[in-house]
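A structural walkthrough
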Amino acid sequence: MSIKVSDYVLQRLREWEVEHVFAYPGDGINGLLAAWGRAENKPVFIQARHEEMAAFEAVGYAKFSGRVGVCAATSGPGAIHLLNGLYDAKLDHVPVVAIVGQTNRSAMGGSYQQEVDLLSLFKDVAGDYCEMVTVPEQLPNVIDRAMRIARAQRTVTAIIIPADVQELDYSPPQHAFKMVPSSLGMAAYAPVPADDDIARAAEVLNAGEKVALLIGQGARSARAEVEQIADVLGAGVAKALLGKDALPDDLPYVTGAIGLLGTRPSYELMQGCDTLLVIGSSFPYTQFMPALDQARAVQIDIDPHMVGLRYPFEVNLVGDAGETLKRLLPQLRPKQHGKWRKKIEKDTARWWEVMERRAAVDAEPINPEYVVHALDALLPDDVILAADSGSAANWYARHLRMRGSMRGSLSGTLATMGPGVPYVIGAKFAHPDRPAIAIVGDGAMQMNGLAELITAGKYWQDWSNPQLIVAVLNNQDLNQVTWEMRAMSGAPQFLPSQSLPDVPYADFARSIGLDGVRVEKPGDVEGAWRQALAADRPFVIDFRTDPAVPPIPPHASLDQIEAAAASVLKGDSDRTGMIRQGLKAKVQEMLPGTRHRHPDGGHGE
């Protein structure tokens, strides 16, 4: 019995063990939709509210499962809508395959409805592999290569299938000239550097007295080896935000996040070290690393295209983090845990005390730092966390301590608004038994999150654990940009661009069968978190937070804080709870010294 090309596409995805496809329908993929009906919805078609959200959900699924995420969309506008989510995947090195429709072959080049040059459109985002299927015999090769390259290169690939091709009878490639047969699967592999390069790296690390480690998401599978090497070298460990879950924060030498959203001890670690080892990170902000002539440095990365960037590394090791560290460790001489290590641990312990005090500062009506800090002790050890871009990312970076098997992520390199809610929805399809929490600003919630609550409402009863919590930091301000304007331009809040309407987020959740609560008093914060964690369905907490609480960068000087405070008082003096109480005095112990740097940056890998 013959099958159509569309039937074979789904069959091949099943053979690749694809279980979910995040998508939105349209007539450009009608053939595929009909095939889904014939295939009894396997792999499962997950209907997002928008193609961009489908792509974000595929990214969240891939980030938290370690598998290839798959998304699908119709031709023209549907394919265009995928792009932002696909760029998020590409820039964060996440494997995602996009399957998109196209107009019939007979209409191509005729300025037909919804005809877009998709090969050109996807040329950049899917630059490693983007192919249009024009005859059935191109399959299964095109699908296999798209899956294999996405996984091997940790990138985005795209398959374009014209609508009429989807309806053709499938015929496999033959044992003939200009036919390309294919095969399933891809074996796991772990490349390692040459022995001579390992020896050179060991020489650099052995010579150092004040060693610092900077790890990213590439170190996640090498947790045990990173802990060993930090112990042998007496080092402190800073984490790029995409590597926040690569090492637990309850280790006393883990200084937390690095960068504009990072911690003071991470900043001091980089300022004081004489040797730097970077593992599985392409953290892009050189100004947060040691001065260029300060430290000898070694980098380990699995991607040869990503070594030698950001810093004048003396040795660049291309290899899997875990396997490389296993070969490196026997050649390292143990260092005593002397003044350097003790300082790192003391600075880190003090930082967490400062965070607790900052969270306790009064605000009007609620300090957003307290909202996130109160969650820290309540987090289940197997929780999956996502933060959206904006000031919410600051509090996620600084107040939540990873432990156990916790996972967490955000849009690290693209730093786009709106992935927080779709990330955790994708995570719930990867791990339906685990709780998931998204911390988002009201700008991101209005942009994408509200509609995607409908998706959560559609599917939550399929999850064995219904816990999905969306915490909205509702300050009626596009807060991160407001503070950037103050810090960089000395400008007060520009209300026409920054002011947001107040939306009853929890009421909306309840209106579609979910649950939620609005919180307007600090005394109700912890109770709301407990209520959400005990809920029998997805839960939205609408926290009314103070926009005058500044996301102070770890390198900030008191002069910069005073300038920002003056701008607030000039521009919106009716909402300056934290400023009025003496911001300078309250954070002075957090900001020793008088550095006057003005680095900029996003989240980083």
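An account of the accompanying structure is given in this report.

Procedures and definitions
Residues numbered from 1 in each chain as written. Predicted model: local features only at pLDDT ≥ 70, side-chain atom pairs only at ≥ 80, totals over all residues. Heavy atoms only, no water. Helix = DSSP H or I, 4+ residues; strand = E, 2+ residues; numbered from the N terminus. Rg over C-alpha atoms; globule rule 2.2 N^0.38 Å. Buried < 20%, exposed > 50% of the residue type's maximum accessible area, 1.4 Å probe, protein only. Contact = heavy atoms within 4.5 Å. Areas by Shrake-Rupley, 256 points an atom, 1.4 Å probe, with all protein chains shown as cover. Lys, Arg positive; Asp, Glu negative; His and termini not counted. Charge placed at Lys NZ, Arg CZ, Asp CG, Glu CD. Pairing = 2+ DSSP bridges. Right-handed = clockwise from strand over helix to strand, strands pointing away. Axes fitted to C-alpha atoms, helices over the stretch in contact; angles between N-to-C directions.

Here we look at the overall build of the protein chain
Along the backbone of the protein chain there are 23 helices and 18 strands. The C-alpha radius of gyration of the protein chain comes to 25 Å, within 12% of the 25 Å expected for a compact globule of 605 residues. Considered along the principal axes of its C-alpha atoms, the protein chain spans approximately 75 × 65 × 45 Å. Here the protein chain holds 605 residues, and the buried ones make up 60% of them. Considering only intrachain contacts with a sequence separation of at least 6, the fraction spanning at least 24 residues in the protein chain is 75%. Carbon and sulfur atoms form 51% of the exposed surface of the protein chain, whose accessible area is close to 22600 Å². The average position of the 58 basic charges and that of the 73 acidic charges among the side chains of the protein chain differ by 4 Å.

Considering the pairing of strand 18 (residues 539-544)
Counting buried positions along strand 18 yields six of six residues, so the element is predominantly enclosed. Of the two faces of strand 18, the one holding F539, I541 and F543 and the one holding V540, D542 and R544 are both buried throughout. Relative to strand 18, strand 16 (residues 468-474) runs parallel, the two being bridged by six bridges. In the strand pairing of strand 18, V470 is matched with V540. Of the pairings in the sheet, the one linking strand 17 (residues 515-519) to strand 18 comprises five bridges and is parallel in character. Residue pairing for strand 18: V519 is matched across the bridge by F543. Viewed along the sheet, the connection from strand 17 through helix 20 (residues 525-533) into strand 18 turns out right-handed.

Looking at the sheet that holds strand 16
Pairing is parallel across the open sheet formed by six strands, whose spatial order is 14-13-15-16-18-17. If you trace the sheet from one side to the other, it starts and ends with strand 14 (407-409) and strand 17, each paired once. Direction aside, the axes of adjacent strands within the sheet are offset by 15 degrees on average. Lying over the sheet, helix 3 (residues 51-65) contacts strand 13 (384-387) and strand 14, oriented at roughly 140 degrees with respect to strand 14.

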